Amino acid sequence: MDIFLQQVANGLTLGSIYALVALGYTLVYGILGLINFAHGEVVMVGALTALAASKLLLAAALPPVVVFVLAFLFAALVCMALSLVIERIAYRPLRNAPRLAPLITAIGVSIILQQLAMMLWGRSYHAMPQLLPEAAFALGGVQITVIQLVIIGVAGLTMAALLVLVNRTRLGRAMRATAENPGIAALMGVDANRIIVLAFMIGSALAALAGMLVASNYGIAHYNMGFMLGLKAFTAAVLGGIGNLAGAVVGGLLLGVIEALGAGYIGDLTGGVLGSQYQDVFAFFVLIGVLVLRPAGLLGERVAERA
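Residues numbered from 1 in each chain as written. Predicted model: local features only at pLDDT ≥ 70, side-chain atom pairs only at ≥ 80, totals over all residues. Heavy atoms only, no water.

Enquirer: I tried to follow the overall build of the protein chain on my own but got confused; where do I start?
Expert: Scanning the protein chain for helices and strands turns up eleven helices and four strands. Projected onto its principal axes, the C-alpha coordinates of the protein chain cover approximately 60 × 50 × 35 Å. Within the protein chain, the proportion of its 307 residues that are buried is 50%. Considering only intrachain contacts with a sequence separation of at least 6, the fraction spanning at least 24 residues in the protein chain is 78%. On the protein chain, roughly 14400 Å² of surface is accessible, and the fraction owed to carbon and sulfur atoms is 70%. (Helix = DSSP H or I, 4+ residues; strand = E, 2+ residues; numbered from the N terminus. Buried < 20%, exposed > 50% of the residue type's maximum accessible area, 1.4 Å probe, protein only. Contact = heavy atoms within 4.5 Å. Areas by Shrake-Rupley, 256 points an atom, 1.4 Å probe, with all protein chains shown as cover.)

Enquirer: Whenever I open this one, the layout of surface pockets confuses me. Can you help?
Expert: Vacant regions in the atomic arrangement are exposed by a probe of water-molecule size rolled over the atoms. The computed volume of the largest pocket comes to approximately 530 Å³. Lining the largest pocket are 18 residues, and of these Val-214, Tyr-218, Met-225, Met-228 and Leu-229 lie nearest its centre. Where the lining of the largest pocket is concerned, the elements lending two or more residues are helix H1 (2-32), helix H8 (192-218), strand E4 (220-221), helix H9 (225-240) and helix H11 (279-293). Of the residues forming the lining of the largest pocket, the biggest block, four residues, is contributed by H9. Of the residues that constitute the lining of the largest pocket, the class distribution is eleven nonpolar, four polar and three charged. (1 Å grid on protein atoms, 1.4 Å probe; cavity = no way out; pocket = protein on both sides within 12 Å on 5 of 7 lines; lining within 4 Å. Points joined across faces, edges and corners; volume = space filled by probe spheres on them. Nonpolar A, V, L, I, M, F, W, Y, C, P; charged D, E, K, R; others polar.)

Enquirer: Before we go on, may I ask you to explain empty space enclosed by the protein in this structure?
Expert: Evaluated as defined, the whole model comprises one cavity of 30 Å³ or more. Broken down by secondary-structure element, the contributors of at least two residues to the lining of the largest cavity are H1, helix H2 (39-59), helix H3 (64-91) and H8. When residues in the lining of the largest cavity are grouped by element, the largest group, three residues, is from H8.

Enquirer: Explanation requested: the pairing of strand E3 (residues 142-145) in the structure shown.
Expert: Moving residue by residue along a regular strand, the side chains alternate between the two faces of the sheet. Side chains Val-142 and Ile-144 project from E3 onto a buried face, and the interleaved Gln-143 and Thr-145 project onto a face without burial. Bridge analysis of strand E2 (residues 136-139) against E3 gives four bridges, and the strand direction is antiparallel. Bridge pairing in E3 links Phe-137 to Ile-144. Hairpin connection, E2 to E3: the antiparallel pair is bridged by two residues, and Gly-140 has positive phi, about 60 degrees. (Pairing = 2+ DSSP bridges.)

Enquirer: Please explain H2 as it appears in this structure.
Expert: Along its 21 residues, H2 runs 31 Å from first to last C-alpha, staying within 8% of the 30 Å computed at 1.5 Å per residue. One or two positions beyond H2, positive phi appears at Ala-61, with a value near 65 degrees. (Expected span 1.5 Å × (residues − 1).)

Enquirer: Would you take a moment to explain H8 for this structure?
Expert: Spanning 27 residues, H8 covers 39 Å between terminal C-alpha atoms, matching the ideal 39 Å at 1.5 Å per step. Taking burial as the measure, the 27 residues of H8 include 20 buried ones, the bulk of the element. If you check the start of H8, you find a side-chain oxygen 3.2 Å away from the backbone N of Asn-193, and it comes from Asp-191. Positive backbone phi, at 80 degrees, marks Gly-219, one or two positions downstream of H8. (Polar contact = N/O pair within 3.5 Å; in protein donor to acceptor, adjacent residues only side chain to side chain.)

Enquirer: Could you clarify how one ought to interpret the nonpolar core in this entry?
Expert: Generally speaking, nonpolar side chains in soluble globular proteins are found buried as a group. In this structure, Leu-20, Leu-23, Ile-86 and Tyr-91 are the most contacted members of the largest nonpolar core, which totals 89 residues. Not counting residues up to four positions away in its chain, the partners in contact with Leu-23 are Met-159, Leu-162, Leu-206, Leu-245, Ala-248 and Val-249. (Core = buried A, V, L, I, M, F, W, Y, C linked by side-chain atoms within 4.5 Å.)

Enquirer: How should the packing of H2 against H3 be read in this particular structure?
Expert: Packed helix pairs are characterised by how far apart their axes lie and by the angle those axes make with each other. Contact geometry of H2 with H3 gives a least axis separation of 8 Å together with a crossing angle of 140 degrees. For the element pair H2 / H3, the angle class is oblique. Crossing hand, H2 versus H3: right-handed. Note on element contacts: H3 touches H2 through Val-67, Leu-70, Ala-71, Phe-74, Ala-75, Val-78, Cys-79, Leu-82 and Ile-86, opposite Val-42, Val-45, Gly-46, Thr-49, Ala-50, Ala-53, Ser-54, Leu-57 and Leu-58. When the residues that make up the contact of H2 with H3 are grouped by side-chain class, the tally is 15 nonpolar, three polar and no charged. (Axes fitted to C-alpha atoms, helices over the stretch in contact; angles between N-to-C directions. Parallel < 35°, antiparallel > 145°, perpendicular 65-115°, else oblique. Left-handed = near helix turned anticlockwise from the far one by under 90°.)

Shown next, in the form of structure tokens:
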């Protein structure tokens, strides 16, 4: 039982990161009907930017917790600025184009960002400075590190704040109106371009947070780290119901737990020979299963069809 609970705790940590990234996919898809496959690379840019900022701030002899917050804020600003450029240059001209065109463009933007990151930071893995304590706590027979607690806590608060923003605020009503029907929303005084840009910026800020958290958890960052993470987060969004914010959260947490349990039990059955090497396989088994059995996802799809 302790092993099972340990794997669940590890899965919730991983799933919290998936959920943060999946929310970025869902925000954009809910309003534009566009799958932004470059979102994983925005996570990568956030991680590498936070890493570079952390090293500079630590050199200024600032406390590690202050460095963590400031590095995230800097990474969020960089990612939001990047999202503005991507939306304006790559996606806005294609809003009325056939669905295949923006999809191919998104893949192209993803490749471009990977190559630019490789040119700026190189092919090497970069060590993330240790900004949070490495101590671990025993909770009910489960060993949880401070970093895991921070990831779960910060991700939970962020996701709750986003749900409140979308469902309880004036901006959220404007987002939901634009997602329902941009034309009618414009007649009611909603600036659709502004709402779409804000959706990209909010999603990119979440990506920067996810990038910094995953780099802090594993202690490394790399120019190619966003590709697989983005695919898994997309799987989580599809699992929960693409276009549904609550579904993105549920899908991310569930996918993280499935991965952790699957890898853990395969490792036990094979004496440690297999396990983590096949962790990525479970995400795609889940994606295939959802697409075959329940294409709308666990919580359905709230995005209305447009004429």
